[in-house]
Amino acid sequence: LTISKTTTVRARAFQTGKPPSAETQATYIIYVAPTLTNLTVDSTVVALKKGQALQIRATGTYTDGSKRDLTDSAAWSTSNTAVATVRTGLVTAISAGSAVIGAVKDGRSALTSVTVTSPPTQPTLVNLFVEPDSSTLMKGETRQLKATGIFSDGSKQDVTAKQLATRSRGAG
């Protein structure tokens, strides 16, 4: 007898010591709770930047065809806590790298891969050139100078109109 969902069973029972004509008939309704057949996560590949977080949901499919959100009741894990952590499906990017996030419920599991990247760093000013490199001015004269910055990524940029942090050197 295979039972799914609700099944009605008719049974005949005989009382001991009574002739078969004294048989009784009863109807029993047997309910079998659906069991989890599959677990999935809503994101199979996740890309995050360091410091970002993303909520992943776990969904279970049951023998009766129903689907349930199991995010809160699944056991969550990560293959690399230095890259990403997970708590109740909330994945938080810690540092650049890769990790596998897993959800487990009633012997079923689902996985997703997470790639964490570091946000680009801003290039820093390495050198500053002023043109013309020498100039003699008479009292009251003005001259426009041009400042070109050389940055840590090798780029050059006209920084004449930009305000840069200044540092003065005392005579020494």
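Relevant structure appears above.
A few points on the structure. Treat the numbers as computed from the prediction; the structure is a model and nothing was measured.

**A word on the overall build of the chain**
Okay, so step 1: For the chain, the count of helices and strands is 0 helices and 15 strands.
Okay, so step 2: Each of the 172 residues in the chain was classed as buried or not, and the buried ones make up 22%.
Okay, so step 3: A separation threshold of at least 6 residues defines the contact pool for the chain, and within that pool the share at least 24 residues apart is 40%.
Okay, so step 4: A total accessible area of about 12700 Å² is found for the chain, and carbon and sulfur atoms account for 51% of it.

**Notes on the pattern of salt bridges**
Okay, so step 1: Within the structure shown, the criterion is met by 1 salt bridge.
Okay, so step 2: A salt bridge links Arg57 to Asp69; the shortest N-O distance between them is 3.6 Å. With Arg57 in the loop between strand 5 (53-55) and strand 6 (58-62) and Asp69 in strand 7 (residues 67-69), this residue pair connects regions lying 12 residues apart in the sequence.

**Remarks on the sheet that holds strand 11 (residues 97-105)**
Okay, so step 1: An order of 4-12-11-8 is seen for the 4 strands of this open sheet, with the pairing classed as mixed. Of all the strands in the sheet, the pair left with one neighbour each is strand 4 (45-49) and strand 8 (75-78). Recorded for the sheet is a direction-independent mean angle of 25 degrees between the axes of neighbouring strands.
Okay, so step 2: Taken together, the 4 bridges between strand 8 and strand 11 define a ladder with antiparallel strand orientation. Bridge pairing links Ala75 to Val104 in strand 11.

**A short note on the packing of aromatic side chains**
Okay, so step 1: Under the definition given, this model contains 0 aromatic pairs.
Okay, so step 2: Sitting over the face of the ring of Tyr62, Arg68 holds its NZ or CZ atom 4.2 Å from the ring centroid.

**Brief notes about the environment of Val126**
Okay, so step 1: Structurally, Val126 is set in strand 13 (residues 125-131).
Okay, so step 2: For the pair formed by Val126 and Gly149, sequence separation is 23 residues and the distance between their alpha carbons is 7.5 Å.
Okay, so step 3: Setting aside anything within four residues of it in sequence, one finds Val126 in contact with Ile150, Phe151 and Ser152.

**Digging into the sheet that holds strand 9 (residues 84-87)**
Okay, so step 1: Ordered by their spatial adjacency, 3 strands build an open sheet running 5-10-9, and the pairing between neighbours is antiparallel. Edge strands, defined here as strands with exactly one partner in the open sheet, are strand 5 and strand 9. Strand-to-strand, the axes of this sheet are offset by a mean angle of 20 degrees, without reference to chain direction.
Okay, so step 2: Two strands pair when backbone bridges link them, and strand 9 and strand 10 (residues 90-93) are joined in this way by 4 bridges, in the antiparallel orientation.

Cut-offs and rules
- Residues numbered from 1 in each chain as written.
- Predicted model: local features only at pLDDT ≥ 70, side-chain atom pairs only at ≥ 80, totals over all residues.
- Heavy atoms only, no water.
- Helix = DSSP H or I, 4+ residues; strand = E, 2+ residues; numbered from the N terminus.
- Buried < 20%, exposed > 50% of the residue type's maximum accessible area, 1.4 Å probe, protein only.
- Contact = heavy atoms within 4.5 Å.
- Areas by Shrake-Rupley, 256 points an atom, 1.4 Å probe, with all protein chains shown as cover.
- Salt bridge = Lys/Arg side-chain N within 4 Å of Asp/Glu carboxyl O.
- Pairing = 2+ DSSP bridges.
- Axes fitted to C-alpha atoms, helices over the stretch in contact; angles between N-to-C directions.
- Phe/Tyr/Trp six-rings, centres within 6.5 Å; stacked < 30°, edge-to-face > 60°.
- Lys NZ or Arg CZ within 6 Å of the ring centre and 35° of its normal.

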